[in-house]
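# Fold and contact review
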Amino acid sequence: MADGKRLIGHAGAVLLRRCADRTGRTGALSKVLPSSAVAGWRDRAGVLVHLAVAIVLGAANLSEAEQLQLHHRPLFGPEASDSTARRTLAALDEATLAKIATVRARVRRHVWGLLHLRPGGFPG
């Protein structure tokens, strides 16, 4: 709905996506998740980041996540269908989850290191 109401929660979507991209999380996830050169293949890291943003915005299921991604298409590119999101989540076996945890820890250490170097620490 384009009535301009109930949009304040969406204001942070861009910040969350850009934060994932600029801290290296999206790129690092791309290196540990399955990939393909097949036409139409969706980058699985992008799918996971989109899902995370959708959850923060209040999506409670994959259909709602798909709708939120569709809404943000001008900012983030084509949305992942709910079937693509299901396949992405279904492929997260223990080995892949361990790789994701390693990526998350490495990016977190990097960000905290940058904040430690910043005068005044974490910005208010």
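An account of the accompanying structure is given in this report.

Rules used throughout
Residues numbered from 1 in each chain as written. Predicted model: local features only at pLDDT ≥ 70, side-chain atom pairs only at ≥ 80, totals over all residues. Heavy atoms only, no water. Helix = DSSP H or I, 4+ residues; strand = E, 2+ residues; numbered from the N terminus. Buried < 20%, exposed > 50% of the residue type's maximum accessible area, 1.4 Å probe, protein only. Contact = heavy atoms within 4.5 Å. Areas by Shrake-Rupley, 256 points an atom, 1.4 Å probe, with all protein chains shown as cover. Lys, Arg positive; Asp, Glu negative; His and termini not counted. Charge placed at Lys NZ, Arg CZ, Asp CG, Glu CD. Core = buried A, V, L, I, M, F, W, Y, C linked by side-chain atoms within 4.5 Å. 1 Å grid on protein atoms, 1.4 Å probe; cavity = no way out; pocket = protein on both sides within 12 Å on 5 of 7 lines; lining within 4 Å. Points joined across faces, edges and corners; volume = space filled by probe spheres on them.

### Overview of the overall build of the protein
- On a plain count of helices and strands, the protein comes out with 7 helices and 0 strands.
- Listing every helix and strand of the protein by position from the N terminus yields α-α-α-α-α-α-α.
- For the protein, buried positions account for 29% of its 124 residues.
- Counted over contacts in the protein with a minimum sequence separation of 6, partners at least 24 positions apart contribute 59%.
- Total accessible area on the protein stands at roughly 8,200 Å², and carbon and sulfur atoms take up 61% of it.
- Across the protein, the centroid of the 18 positively charged side chains sits 9 Å from that of the 9 negatively charged ones.

### Section: the environment of Trp112
- Position of Trp112 among the secondary structure elements: in helix H7 (residues 94-117).
- In this structure Trp112 comes out as exposed when scored by relative accessible area, which is 53%.
- Along the primary structure Trp112 and Gly12 are separated by 100 residues, whereas in three dimensions their C-alpha atoms are 21 Å apart.

### Some details on the nonpolar core
- Within the largest apolar cluster, 23 residues are counted, with the highest numbers of intra-cluster contacts made by Leu29, Leu33 and Leu51.
- At the level of elements, helix H1 (11-22), helix H2 (25-32), helix H3 (44-56), helix H4 (62-71) and H7 are the ones that each hand at least two residues to this core.
- For this core, the element with the most residues is H3, which contributes 7 residues.
- Not counting residues up to four positions away in its chain, the partners in contact with Leu33 are Arg44, Ala45, Leu48, Leu92, Thr96 and Ile100.

### Here we look at empty space enclosed by the protein
- Considering all chains together, one arrives at 1 cavity of 30 Å³ or more under this definition.
- One number sums up the size of the largest cavity: a volume of about 30 Å³.
- What lines the largest cavity is simply His50, Val53, Ala54, Leu57, Leu68, Gln69, His72 and Phe76.
- Elements supplying a minimum of two residues to the lining of the largest cavity: H3 and H4.
- In terms of residue count, H3 provides more of the lining of the largest cavity than any other element does, 3 residues in total.

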